[in-house]
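# Overview (structure and organization)
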Amino acid sequence: LNESNQDDDEEKKTATRSGQLRLHMIDRYSSSSSSSLSSILLDEKKDNNDKVREKAICFGKESHVLRMKEEGILDGKWYQRGALPFSVEQQQQCELPVYAAACSSGYMRLYGLQKQYSSTDNTKDWNLVPLASSSDSLQDETESNDNALCLSLDWNHSIPPSSSTTHEIVSSYSDGTIKTHEIRINETTTEIHETNSWMAHSMFHQPSEVWTTCFATNAHHTSPNNLILSGGDDCTMKLWDVRSTTSPMSKIGCDENESGGVTSISYHPNLEYVFASGSYDEIVRLWDIRYLSSFSSGNKKKKQPLASVNVGGGVWRLKWHPSKDNVLL
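Residues numbered from 1 in each chain as written. Predicted model: local features only at pLDDT ≥ 70, side-chain atom pairs only at ≥ 80, totals over all residues. Heavy atoms only, no water.

### A look at the overall build of the chain
Our working rule: Helical segments are the DSSP runs of H or I of at least four residues, strand segments are the runs of E of at least two, and each set is numbered from the N terminus. Summary of the burial criterion: residues with accessible area below 20% of their type's maximum are buried, those above 50% are exposed, and those between are partly exposed, where the area comes from a 1.4 Å probe applied to protein chains only. Contacts were defined at the residue level, with two residues in contact if any of their heavy atoms lie within 4.5 Å. The Shrake-Rupley method, run with a 1.4 Å probe sphere, supplies the accessible areas, and residue values consider only the shown protein chains as cover.
Across its full length, the chain carries three helices and 22 strands. Going through the 329 residues of the chain one by one, you find that 42% of them count as buried. In the chain, the share of contacts with a sequence separation of at least 24, taken over all contacts with a separation of at least 6, comes to 55%. Taken as a whole, the chain presents about 18700 Å² of accessible surface, with 47% of it coming from carbon and sulfur.

### A short note on the nonpolar core
For clarity, the threshold we go by: Only buried residues count toward a nonpolar core. Its members are Ala, Val, Leu, Ile, Met, Phe, Trp, Tyr and Cys residues joined through side-chain atoms within 4.5 Å.
In this structure, Phe-86, Val-98, Leu-110, Leu-131, Trp-155, Ile-169 and Ile-183 are the most contacted members of the largest nonpolar core, which totals 22 residues. Among the secondary structure elements, those contributing two or more residues to this core are β4 (84–86), β6 (98–103), β7 (108–117), β8 (124–133), β9 (150–155), β10 (166–173) and β11 (177–185). Leaving out residues up to four positions away in the same chain, Val-98 has contacts with Lys-77, Trp-78, Tyr-79, Leu-84, Phe-86, Leu-110, Tyr-111, Leu-131 and Trp-155. Counting residues in each nonpolar core, the second largest holds 13 residues, with Leu-229, Val-262, Ile-265 and Phe-275 among its members.

### Some details on the sheet that holds strand β20 (residues 274–279)
Note the cut-off: When DSSP finds two or more bridges between two strands, those strands count as paired. Between the N-to-C directions of two axes lies an angle of 0 to 180 degrees, each axis being a line fitted to C-alpha atoms and, for a helix, fitted only over the stretch in contact.
Overall, antiparallel pairing links the four strands, which are arranged β19-β20-β21-β22 in an open sheet. Two strands lie at the open edges of the sheet, namely β19 (262–267) and β22 (307–310), each paired on one side alone. Ignoring which end each strand starts from, the neighbouring axes of this sheet average 15° apart. Direction of pairing for β19 relative to β20: antiparallel, over a ladder of five bridges. Bridge pairing in β20 places Tyr-267 opposite Phe-275.

### A look at the confidence of the model for the chain
Note the threshold: One number per residue, pLDDT, summarises how confident the predictor is, and it ranges from 0 to 100.
Predicted confidence across the chain gives a mean pLDDT of 80, with 72% of residues reaching 70 or more. Every residue in residues 29–47 is under pLDDT 50, and counting partners more than four places away or in other chains gives 15 contacts. Below pLDDT 50 for its whole length, residues 50–54 participates in five contacts with residues either more than four positions away or in separate chains.

### Observations concerning the sheet that holds strand β15 (residues 210–215)
Here four strands make up an open sheet; going across it, the order is β15-β16-β17-β18 and the pairing antiparallel. Two strands in the sheet have a free side with no partner beyond their single neighbour: β15 and β18 (250–252). Averaged over all neighbouring strand pairs, the angle between strand axes comes to 20°, with direction disregarded.

### Quick notes on the environment of Asn-147
On the secondary structure map, Asn-147 appears in the loop between β8 and β9. Along the sequence, Asn-147 and Gly-106 sit 41 residues apart, while their C-alpha atoms lie 6.7 Å from each other.

### Quick notes on the state of the cysteines
To keep things clear, this is the line we draw: Disulfides are defined as cysteine sulfur pairs within 2.5 Å.
The tally for this structure, following the rule as stated, stands at zero disulfides. Left without a disulfide partner, Cys-103 is nearest to the cysteine sulfur of Cys-150, which lies 7.2 Å away.

### Brief notes about the pattern of salt bridges
Note the cut-off: A pair is scored as a salt bridge if a Lys or Arg side-chain nitrogen falls within 4 Å of a carboxyl oxygen belonging to Asp or Glu.
Inspection of the entire model under this criterion finds nine salt bridges. Measuring nitrogen to oxygen at the nearest pair gives 3.5 Å for the salt bridge that ties Glu-194 to Lys-179. Of this pair, Glu-194 sits in strand β12 (residues 190–199) while Lys-179 sits in strand β11, and the two are 15 residues apart along the sequence. A relative accessible area of 47% places Glu-194 in the partly exposed class. Using a relative accessible area of 11% as the deciding quantity, one classes Lys-179 as buried. A salt bridge links Asp-241 to Arg-243; the shortest N-O distance between them is 2.8 Å. Here Asp-241 falls in the buried class, since its relative accessible area comes to 14%. Each of the salt bridges in this network shares a partner with another, and the network as a whole consists of Asp-75, Lys-77 and Arg-317.

### Regarding unusual backbone geometry
Even without being a glycine, His-205 presents a positive backbone phi close to 65°. Summarising the element assignment, His-205 is placed in the loop between β13 (202–203) and β14 (206–207).

### Focus on the environment of Arg-109
In plain terms, the rule: For the purposes of these results, a polar contact is taken to be a pair of N or O atoms within 3.5 Å, where, inside protein, one atom must be able to donate a hydrogen and its partner to accept one; residues adjacent in sequence count only when each atom of the pair is a side-chain atom.
The residue Arg-109 is located in strand β7 in this model. By relative accessible area, Arg-109 is classed as buried at 12%. Residues Arg-109 and Ala-132, 23 residues apart in the sequence, show an inter-C-alpha distance of 5.9 Å. In terms of polar contacts, Arg-109 uses its side chain to reach the side chain of Ser-133, at 2.7 Å.

As structure tokens, this is what we get:
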């Protein structure tokens, strides 16, 4: 083969990333009787019939599959405080549940959950419709974040849906950076604007992956909040004040509890000061954020977790139950 043919073959072998976003609906037990789901589940324990067990509650088949073009989805979060007003395909503004996705291309993308007619059987099915992308502000979508992957994101749930047309998202990247964004909802458009960016994690003077980040707030925290938590491959967890990101307010490293890369942080949806962290070291830790503030930086005893448990494997995702305060997935 000549050189030109070899080059053509190499191009054909170039690997591309093609991800999917799958929407699943949970099918619950439907019956004309007044039996509650809890009583149904109790009855199932007495019955060994698998068919009866399956009828109670099951993880439904995907109702919609969104195929991504040359990018994978590495994280995603619903805005949990209710539907937000959006204009979809130049239609009249309507309120939609919103999902934010962190993509391997370095972009963030927003999707709305909407019922749309199916042309095949003339029924309405739940679909994910594109609303906005952080790439929309770029002249050329090939201008990615210097090829950095968008690894995680989180909504600021202290902002209620009815109080503002501007909402906030924080995101973390494989090049060691953290960014904050404003989601600006207008009558006809939705835009994602970057408001802040800083180098957050490094190791051996090189950028380190920021595996996870979240706002240190929830829907029940009514006062303005400027605190962000982050965890990186440098085996540290950091607390930031977005008004001054030159250095973190507090840092916990290998010598103070975190003995592996911090891969997941989840702030409690109801309790004001509580959050959980997970790491390479296979341990889930429960924290009180008041013990991480700068005034206690000289006292390592103050930086001890409230509790910890070894789960037998690296912890990549943590999710609190929305209503049961003592349940963590």
